[in-house]
Amino acid sequence: MNSAGHSEATAPRGLELTPFRGLRYDPDRVGSLAAVTSPPYDVVVRPDGLHHLQDADPHNIVRLILPQATTAGARNEQAADTLRRWLAEGVLTTDAVPALYVYEQRHADGMLQRGLIGTLRVSEPSAGVVLPHEDVMPHIVADRAALMRATRANLEPLLLTYRGDGTATEAVERTADRPPLLSTTTEDGFSHRLWSITDPAEVARIQAGLAHHQALIADGHHRWATYLRLRAEHASPSPWDDGLVLLVDTVRHPLRVRAIHRLLHGLPVTGALAAVEGLFRVRRLEAPLPRALDALADATAGGNAFLLAGDGAFHLLDRPDPALLARTVPADRPRAWRTLDATVLHATLLDHVWHVPEDDPARIAYIHDTAATVEKAERDGGTAVLLHPVREEVVRDLARQGVMMPRKSTSFGPKPASGLVLRALDL
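Residues numbered from 1 in each chain as written. Predicted model: local features only at pLDDT ≥ 70, side-chain atom pairs only at ≥ 80, totals over all residues. Heavy atoms only, no water.

(A) Expanded view of empty space enclosed by the protein. Summed over the entire model, instances satisfying the criterion amount to three cavities of 30 Å³ or more. For the largest cavity, the calculated volume is near 110 Å³. As for the largest cavity, its lining consists of 14 residues, and the residues nearest its centre are Asp42, Glu134, Asp219, Gly220 and Lys408. Those elements giving two or more residues to the lining of the largest cavity turn out to be β11 (215-219) and α7 (221-233). Tallying contributions element by element places α7 first for the lining of the largest cavity, with three residues. Each residue belonging to the lining of the largest cavity can be placed in one class, and the counts come to three nonpolar, five polar and six charged. Counted as a void, the second largest cavity has a volume near 80 Å³. Looking at the lining of the second largest cavity residue by residue, the class counts come to seven nonpolar, one polar and three charged. (1 Å grid on protein atoms, 1.4 Å probe; cavity = no way out; pocket = protein on both sides within 12 Å on 5 of 7 lines; lining within 4 Å. Points joined across faces, edges and corners; volume = space filled by probe spheres on them. Helix = DSSP H or I, 4+ residues; strand = E, 2+ residues; numbered from the N terminus. Nonpolar A, V, L, I, M, F, W, Y, C, P; charged D, E, K, R; others polar.)

This is how it looks when you write it as structure tokens:
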């Protein structure tokens, strides 16, 4: 139990990353390592992406992170049964000794990201060690918590970033010069490599290098909130004191920040446009998606702007009525928060103009892939709302002030592939 040495009476002084015995696919028991991986659970575009992954290999990790059954209880029990079966059959095997894992993602476009996978001491935001920057949806936290309870496992790492001083990153780079434990390339063009660090002296150097740093949650706010909930349910020390994370030093490996788009079910584009008439400037763009996104980027340089799609064209909304913003955007937050596109989208458009509840999955979906959002809107007769990404420094500054951005405001990446290394809490 890798958290037995933690004491709840001692506040964490910084990032506490601990080795664990990784649970990994046996490459001899699956079609290919690429075929059993998946994007994180909330990035899978359902049902198309889910079905594609399920068909890729009978052991694809999506059967654990997104089990399919008629009730929540049945889904979670199915995931637990599947995990137990794969362990019994040797499809998943446990590494012999605890390790920190170096994880690399590389793309032909020049993107290179390396970080450390380990179990991190869970701490409240008030401790100032792990900083969230987005609100979470309670029903998703409850869903993830039920799945983790049933499987007694952390099935995929969340993504944290920190601004390092080089100590831990030097160990990461040294390790990456060795032959990896595994290497595979997924259909999105990313190659993935994984190494283990088991030498006690090297682990100690990494831990010392992290001990006085704080991290920003880049991706996985709901899973971090789930870790907090599960830790509170169990007396410490327990394995629930820690959660599986990928920790990336963005001094060495800056992440990309993309927007997360909204798909409004049951609201056709004609209705959405009629509701904003006189409140925003609206321009119809007869242009392909890349050019429409360029126009959105140009418009956001001068203020809030959004791109609507779903009727075969793109409609650029910008120059909101200042009086509308004054009436609808809360004034008790910093200006950097009040002027976020996500803030105006939620406080002004969703709440006051379109009357779409932000946490009702029957009315709204949050989708990372831009083209998929547009395609689903056109197919279903809804409205796609496309956003321009916010800068990382804005996210970090707000997080340090303890100010939460609207939920699903950012998409940091590349995100770790799910399925390369898991954590079973009973090992």
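Text resumes after the structure shown.
(B) Molecular detail of the pattern of salt bridges. Applying the stated criterion to the full structure yields 27 salt bridges. In this structure, Lys408 and Asp42 form a salt bridge, with 2.9 Å as the shortest nitrogen-oxygen distance. Note that Lys408 is positioned in the loop between α14 (392-400) and β20 (411-413) and Asp42 in the loop between β2 (23-25) and α1 (48-56), a separation of 366 residues in sequence. Considered together, Lys408 and Asp42 belong to a single accessibility category, that of buried residues. (Salt bridge = Lys/Arg side-chain N within 4 Å of Asp/Glu carboxyl O. Buried < 20%, exposed > 50% of the residue type's maximum accessible area, 1.4 Å probe, protein only.)

(C) Main features of the packing of aromatic side chains. What the rule picks out here adds up to four aromatic pairs. Relative to Tyr227, the ring of Trp224 has its centre 6.0 Å away and its plane inclined at 70 degrees; by these criteria the two rings are edge-to-face. Of this pair, Trp224 and Tyr227 both sit in helix α7, separated by three residues, roughly a single helical turn. Looking at Tyr227, the relative accessible area reads 2%, which means it is buried. When the ring centre of Tyr41 is taken as origin, the NZ or CZ atom of Arg144, which lies over that ring, is 4.0 Å away. The cationic tip of Arg333 hangs over the ring face of Trp337; the distance from NZ or CZ to the ring centre is 4.4 Å. (Phe/Tyr/Trp six-rings, centres within 6.5 Å; stacked < 30°, edge-to-face > 60°. Lys NZ or Arg CZ within 6 Å of the ring centre and 35° of its normal.)

(D) Looking closely at the layout of surface pockets. Estimates place the volume of the largest pocket at around 1000 Å³. Lining the largest pocket are 37 residues, and of these Pro39, Pro40, Val43, Asp188 and Phe190 lie nearest its centre. For the lining of the largest pocket, the secondary structure elements donating two or more residues are α1, β13 (256-258), α13 (370-380) and β20. Looking at the lining of the largest pocket, the element that brings in the most residues is α1, giving four residues.

(E) Quick look at the sheet that holds strand β17 (residues 314-318). Read across the open sheet, the six strands follow the order β15-β17-β16-β19-β14-β18; overall the sheet is antiparallel. Looking at which strands have only one partner, the edges of the open sheet turn out to be β15 (281-285) and β18 (364-367). Taken over all neighbouring pairs, the strand axes of this sheet differ in orientation by 25 degrees on average, direction set aside. Note that strand β16 (residues 305-309) and β17 share five bridges and pair antiparallel. What sits directly across from Leu307, in β17, is Leu316. Along the sheet face, helix α8 (residues 269-276) touches β15, β16, β17 and β19 (383-386) and points at about 25 degrees away from the line of β17. Along the sheet, helix α9 (residues 289-300) makes contact with β15, β16, β17 and β19, crossing β16 at roughly 155 degrees. (Pairing = 2+ DSSP bridges. Axes fitted to C-alpha atoms, helices over the stretch in contact; angles between N-to-C directions. Contact = heavy atoms within 4.5 Å.)

(F) Up close: the confidence of the model for the chain. Confidence along the chain averages 93 in pLDDT terms, with 97% of residues attaining 70 or more. Within the model, pLDDT remains below 50 along residues 1-11, and this stretch shows 26 contacts once partners closer than five positions in the same chain are excluded. (pLDDT = per-residue confidence, 0-100.)

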